[in-house]
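Chain by chain, the residues:
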Amino acid sequence: MSVWYPATRMQQGLWVLDRDELQRPTQLVPSVVEFTGDVDHGYLVEATRLTIARHPSLRARFRFDLGRRRVEYSTDGEPGEALLRDAEAEGLTGAEVDAYVRTLCSTPFDLAVDAPARAVVVRLDARRTLLVLVSHHIVVDGLSRTMLLEEIFTVYRARLAGTAPELSDPPHPASVVAERPPEEIAAQVDEVVERLKGAPVDVPLPFERGTGDDLEAARLGATVTTRLDADRTAKALAAAAEEGCTTFMLGVALLAGTLARGSGQRDFLIAFAWPGRDHPDAGDVIGMFITTVVLRVSLEPDTSWRELLGNARVAAMEAFMDADVPLDALAARLNPDRTRIWPPLTPVLLNLDDAPHTPVLAPGVTGRLRPLDPLYVKYDLAAFVRIADTAEGRQLELSLDHPTDVTDRSAVSAFLTELRRGAADLATSPEEPVLEQPARTIDLDDPEERLDLVRSVWREVLGVEDTAAADDLDDDVSFFESGGDSLLLVVLVERLSQASGRTLRTIDLFRSATVSGQADLLAKPAEAL
């Protein structure tokens, strides 16, 4: 006879979202890892199958108990399958493989019937392999996904070495969930409501959504990314450390400051994900423990970047202390007129991106996480901060996930540029007021600023400024393939010379005819041009 466990509040909310046909694909947690090197596909399938079968949460089936009026789950079901496909032997084209992977990553689970995890190893050719692992968010959070991949790699390496992997017995997720008295939760909700009330539950974003007629398309997203150079990254991190701020808190200050610079709003609610693993034995349990938390950060007209860092630290610490407060209870009190199930309090999310971007399977095999396609978005704007180790040194990386149905996609890139410029201002002038935007000078030593400059001049000269067509400009496609001609090239030379302060020649831009090529051209000393 099956044992049924009560779902957590977060799991109940995800179960409700899964009832909505359009929301179902957004509840998936896919990972697509591409390996280059000699991979034993049989061993990789075996390692994946063993890992999926080991963890109780990945065998869960869910139901709604009408009598108890609760969502509950049993972990007595069969585990999901790990399969092998040989794309080369089957004669599949690259487009056909991509379509197959998209289907794997977007096909919902039937939570009452299906095991909430599946995997396929795809042999592309003798040197390239894909591992596609898809789980439902109701049983897997971000940390669990990372742990699952690492365990698969551990089992694989042990199998290669002919040894048994050293794995501990996984605790049941229900054994590490602490129940709290309803009156304790209610008192804590009152405290948080008092701290957050009065803050706007909306944020004026730098772009507008489409009409919303195509509800399925409105859930599809894209990602744009930029980096701060190593020198200013070091200065920004030093300023943050002086105020006791983590990288996440630095991100809060940057996001709030940039949003304030672009609007009249000075008080912001920002959502973020909290690991939710407060139980001492929950650290290595595969399950869904994460909670969505909302912090409040504000600034005044004369608030400096250093003061905003302090505000972000206080706001984050307050939110951390109350991270176990149910978000649905807060939303019911603070935003009772909301018309959407999700997001309930703010359209803006900020997270620290600490997932490994270069997975290690075995010696001689390199791995990379493929960008998700399709990418489903739940927030109108989701920002991610991380410290990337690059050849130039440690760099602050800023990414934005945004809906693809925005009316002006170039506005998203422009906002990302402003976010990076805010980071540069914080790094170089932490005592200056956030809202006093300094006179802009182009730093031609900064690769990203050079690219921004060339892109903006191209958009102006090609007549695609402030239109969706600007999003189609490719940094590695020539000016002539992008719609330019010899007459416009002369205009480009003049405008780029004015904007950069460099004397450029037509022959220089003709030889370096791409955005990236012309940005590299601007990096040369003026006398070398």
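Please refer to the structure higher up on the page.
As the structure is a prediction and not an experimental result, all values here were calculated from the model.

Visitor: Can you tell me about the pairing of strand S11 (residues 348-352), naming the residues and giving the values?
Guide: With respect to burial, S11 is a largely interior element, four of its five residues being buried. Sheet analysis places S11 next to strand S15 (residues 381-390), joined by five bridges and oriented parallel. Opposite Asn351, over in S15, you have Phe384 as the bridge partner.

Visitor: Which residues make up the packing of helix H7 (residues 230-242) against helix H11 (residues 410-428), and what are the values?
Guide: Where H7 meets H11, the closest approach of the two axes is 8 Å, and the angle between their N-to-C directions is 65 degrees. Taken together, H7 and H11 sit at an angle that is classed as roughly perpendicular. Crossing handedness for the pair H7 and H11: left-handed. Residue-level contacts link Arg232, Lys235, Ala236 and Ala239 of H7 to Ala423, Ala424, Leu426, Ala427 and Thr428 of H11. Each residue belonging to the contact of H7 with H11 can be placed in one class, and the counts come to six nonpolar, one polar and two charged.

Visitor: Residue-level account of the environment of His137, with values.
Guide: Residue position: His137 is located in the loop between strand S7 (128-136) and helix H5 (142-161). For the pair His137 and His402, spaced 265 residues apart in sequence, the C-alpha to C-alpha distance is 20 Å. Setting aside residues up to four positions removed in sequence, His137 forms contacts with Leu14, Gln27, Val29, Met288, Ile290 and Lys378.

Visitor: Outline a nonpolar patch on the surface, supporting the account with residue identities and numerical values.
Guide: A cluster of nonpolar side chains, Phe480, Ile507 and Phe510, forms an exposed patch at the surface whose accessible area comes to about 270 Å². Relative to the helices and strands, Ile507 resides in helix H14 (residues 506-511). Overall, Ile507 belongs to the partly exposed group, its relative accessible area being 37%.

Visitor: Give me the side chain of Asp446: which residues, what numbers.
Guide: Mapped onto the secondary structure, Asp446 falls in the loop between H11 and helix H12 (447-462). In this structure the side chain of Asp446 is engaged in a polar contact, spanning 2.9 Å, whose partner is the backbone nitrogen of Glu448. For Asp446, the contacting residues outside a window of four places in its chain are Asp229, Arg232 and Arg420.

Quick notes on the rules
- Residues numbered from 1 in each chain as written.
- Predicted model: local features only at pLDDT ≥ 70, side-chain atom pairs only at ≥ 80, totals over all residues.
- Heavy atoms only, no water.
- Buried < 20%, exposed > 50% of the residue type's maximum accessible area, 1.4 Å probe, protein only.
- Helix = DSSP H or I, 4+ residues; strand = E, 2+ residues; numbered from the N terminus.
- Pairing = 2+ DSSP bridges.
- Axes fitted to C-alpha atoms, helices over the stretch in contact; angles between N-to-C directions.
- Parallel < 35°, antiparallel > 145°, perpendicular 65-115°, else oblique.
- Left-handed = near helix turned anticlockwise from the far one by under 90°.
- Contact = heavy atoms within 4.5 Å.
- Nonpolar A, V, L, I, M, F, W, Y, C, P; charged D, E, K, R; others polar.
- Patch = residues over 30% accessible without salt bridge, like charges linked within 9 Å, V, L, I, M, F, W, Y side chains within 5 Å.
- Areas by Shrake-Rupley, 256 points an atom, 1.4 Å probe, with all protein chains shown as cover.
- Salt bridge = Lys/Arg side-chain N within 4 Å of Asp/Glu carboxyl O.
- Polar contact = N/O pair within 3.5 Å; in protein donor to acceptor, adjacent residues only side chain to side chain.

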